[in-house]
Amino acid sequence: MAAQADPPFGRLLTAMVTPFRPDGSLDLDAAAALAARLVDDRHDGLVVNGTGGEAPTTTDAEKADLVRAVVDAVGDRAHVVAGVGTNDTAHTTELAAAAEKAGAHGLLVVTPYYSKPPQAGLLAHFRTVADATDLPVMLYDIPHRAGTAIATDTLLRLAEHPRVVAVKDAKGDLVATSTVLAQSDLVYYSGEDALTLPMLAVGGAGVVGTSTHFCGPEMHALIDAALTGDHAEALRLHRRLLPILTGIFATQGVILVKAGLELQGRSVGGVRLPMVPATAEQRAALADALKASGLASAPTR
């Protein structure tokens with residue numbers, strides 16, 4: 001399961017949730033503390049201002065402040081990748097420039113959503129964003145949310161751009177992924193937590209996870225085992241972690257991550273509408289998933 005050496009953003013990244021105060025305002029101190037804990041738990045990098053970070057409900061100024069706070073907290077120990085994708089190319093380039101100014105080490109750019117541009121539009125969009133800064137770009141291919149997949153030919157053409165270096169792949173099509181990996185130098189990260197091991201098997205580099213808020217050391221051990229040829233250990237960890245790798249998505253991931261952190265005594269505040277807090281039933285199911293994966297669901301102070 002060999003993957004490319006020295007992937008640009010490390011191997012284990014988490015799409016970090018954004019902490020809020022009781023009044024709903026941004027909590028930068030809590031963001032810095034959460035970032036530090038995740039990096040202590042063997043994370044090579046963090047993605048901020050992604051969908052799991054409730055980027056649709058944070059202002060441009062809040063996004064820049066969050067990048068700056070996380071870079072200040074862990075930027076000397078981990079890669080900080082800023083989510084900047086929107087369905088407006090001009091706005092995306094503005095967010096990219098702001099993220100670069102705030103100190104981000106890279107950009108995550110999702111497929112423009114809802115408007116469903118043709119492949120020619122996707123190609124022009126991603127190239128324009130990649131031209132806007134000097135930062136390396138990770139494309140985010142997630143058709144079940146965005147409404148449009150990045151076609152294999154489009155990915156191969158984007159791979160020719162010197163700053164388009166990686167893909168967060170949530171397409172769920174390992175044949176298409178294998179084709180791009182075989183014909184380009186793009187580095188692939190699983191965008192589906194439970195597909196991390198299969199992604200590694202076809203040449204992927206690692207994962208940008210959600211459940212990894214809770215299983216960073218275990219997921220890093222899984223990746224290490226897979227890449228060093230200890231297939232039995234990688235499979236054992238994959239099977240052990242499956243309850244949380246899948247259970248965190250029983251509803252929107254951000255809802256359950258924040259609920260899980262609260263269960264562990266590490267509350268980072270609530271969610272902004274249109275997200276809503278986890279129900280009692282969802283919290284109980286999450287606690288069961290954490291327990292089934294051998295992870296703490298009680299306060300850990």
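Being a predicted model, the structure only gives us computed values, none of them experimental.

**Considerations on the overall build of the protein**
Link 1 in the chain: Per the secondary structure count, the protein includes 12 helices and eight strands.
Link 2 in the chain: Since a compact globule built from 301 residues should have a radius of gyration of about 19 Å, the 18 Å found for the protein is in line with a globular shape.
Link 3 in the chain: On the principal axes, the C-alpha backbone points of the protein span a range of 50 × 45 × 35 Å.
Link 4 in the chain: Every one of the 301 residues in the protein was classed for burial, and the buried ones make up 51%.
Link 5 in the chain: Averaging the positions of the 24 positive and the 33 negative side-chain charges in the protein gives two centres separated by 4 Å.

**Some details on the pattern of salt bridges**
Link 1 in the chain: According to the stated counting rule, one finds 11 salt bridges in the structure shown.
Link 2 in the chain: Across the salt bridge formed by Arg37 and Asp41, the nearest N and O atoms sit 3.3 Å from each other.
Link 3 in the chain: A salt bridge links Glu218 to Arg240; the shortest N-O distance between them is 3.8 Å. With Glu218 in helix H9 (residues 212–227) and Arg240 in helix H10 (residues 231–247), this pair connects stretches of sequence that are 22 residues apart.
Link 4 in the chain: Given the relative accessible area of 18%, Glu218 is considered buried.

**A word on the UniProt feature "active site" (unreviewed entry) in the protein**
Link 1 in the chain: Here, the residues flagged by UniProt with the feature "active site" (unreviewed entry) are Tyr140 and Lys168. The greatest C-alpha distance among the residues just named is 4.7 Å, despite their covering 29 residues of sequence, which places them together in space.
Link 2 in the chain: Using a relative accessible area of 12% as the deciding quantity, one classes Tyr140 as buried.
Link 3 in the chain: Discounting chain neighbours no more than four positions away, the residues touching Tyr140 are Leu108, Val109, Val110, Thr111, Ile150, Lys168 and Ala170.
Link 4 in the chain: Take Lys168: it is sitting in strand E6 (residues 164–169).
Link 5 in the chain: Classification of Lys168 as buried rests on a relative accessible area of 6%.

**Considerations on H9**
Link 1 in the chain: With 16 residues, H9 ought to run about 22 Å at 1.5 Å a step, yet its terminal C-alpha atoms sit only 18 Å apart, falling short of that.
Link 2 in the chain: For H9, the principal kink sits at Glu218 and spans about 45°.
Link 3 in the chain: With 12 of 16 residues buried, H9 lies mostly within the body of the structure.
Link 4 in the chain: What H9 keeps buried is the set Thr212, His213, Phe214, Cys215, Gly216, Glu218, Met219, His220, Leu222, Ile223, Ala225 and Ala226.
Link 5 in the chain: Downstream of H9 by one or two residues, Gly229 has phi in the positive range, about 85°.

**Observations regarding the packing of helix H11 (residues 253–263) against helix H12 (residues 280–292)**
Link 1 in the chain: It is the contact of H11 with H12, at a shortest axis distance of 10 Å, that shows an interaxial angle of 70°. When the axis of H11 is compared with that of H12, the two are roughly perpendicular. Note on packing geometry: the crossing formed by H11 with H12 is right-handed. Across the interface between the two elements, Leu256, Ala259, Gly260, Glu262 and Leu263 of H11 pack against Gln282, Arg283, Leu286 and Ala287 of H12.
Link 2 in the chain: For the contact of H11 with H12, the per-class residue count stands at five nonpolar, two polar and two charged.

**Focus: the sheet that holds strand E2 (residues 45–48)**
What holds strands together in a sheet is hydrogen bonding between their backbones, with the strands either parallel or antiparallel.
Link 1 in the chain: Taken together, the eight strands give a closed barrel; going around it, the order is E1-E2-E3-E4-E5-E6-E7-E8, and neighbouring strands pair in parallel fashion. Averaged over neighbouring strand pairs, the angle between their axes works out to 25° when direction is ignored.
Link 2 in the chain: Pairing of strand E5 (residues 137–141) with E6 involves five bridges; the strand directions are parallel. Note on E6: the bridge partner recorded for Leu139 is Val167.

**Some details on the nonpolar core**
Link 1 in the chain: Within the largest apolar cluster, 75 residues are counted, with the highest numbers of intra-cluster contacts made by Met16, Val70 and Leu139.
Link 2 in the chain: The contacts of Val70, once residues within four sequence positions are left out, are Met16, Ala35, Leu46, Val48, Gly75 and Val80.
Link 3 in the chain: Leu108, Met138, Tyr189 and Ala205 belong to the second-largest nonpolar core, a separate cluster that totals 16 residues.

Calculation rules
Residues numbered from 1 in each chain as written. Predicted model: local features only at pLDDT ≥ 70, side-chain atom pairs only at ≥ 80, totals over all residues. Heavy atoms only, no water. Helix = DSSP H or I, 4+ residues; strand = E, 2+ residues; numbered from the N terminus. Rg over C-alpha atoms; globule rule 2.2 N^0.38 Å. Buried < 20%, exposed > 50% of the residue type's maximum accessible area, 1.4 Å probe, protein only. Lys, Arg positive; Asp, Glu negative; His and termini not counted. Charge placed at Lys NZ, Arg CZ, Asp CG, Glu CD. Salt bridge = Lys/Arg side-chain N within 4 Å of Asp/Glu carboxyl O. UniProt positions renumbered as here; feature names shortened; annotations may be inferred. Contact = heavy atoms within 4.5 Å. Expected span 1.5 Å × (residues − 1). Bend = angle between axes of the 7 residues up to and from the residue. Axes fitted to C-alpha atoms, helices over the stretch in contact; angles between N-to-C directions. Parallel < 35°, antiparallel > 145°, perpendicular 65-115°, else oblique. Left-handed = near helix turned anticlockwise from the far one by under 90°. Nonpolar A, V, L, I, M, F, W, Y, C, P; charged D, E, K, R; others polar. Pairing = 2+ DSSP bridges. Core = buried A, V, L, I, M, F, W, Y, C linked by side-chain atoms within 4.5 Å.

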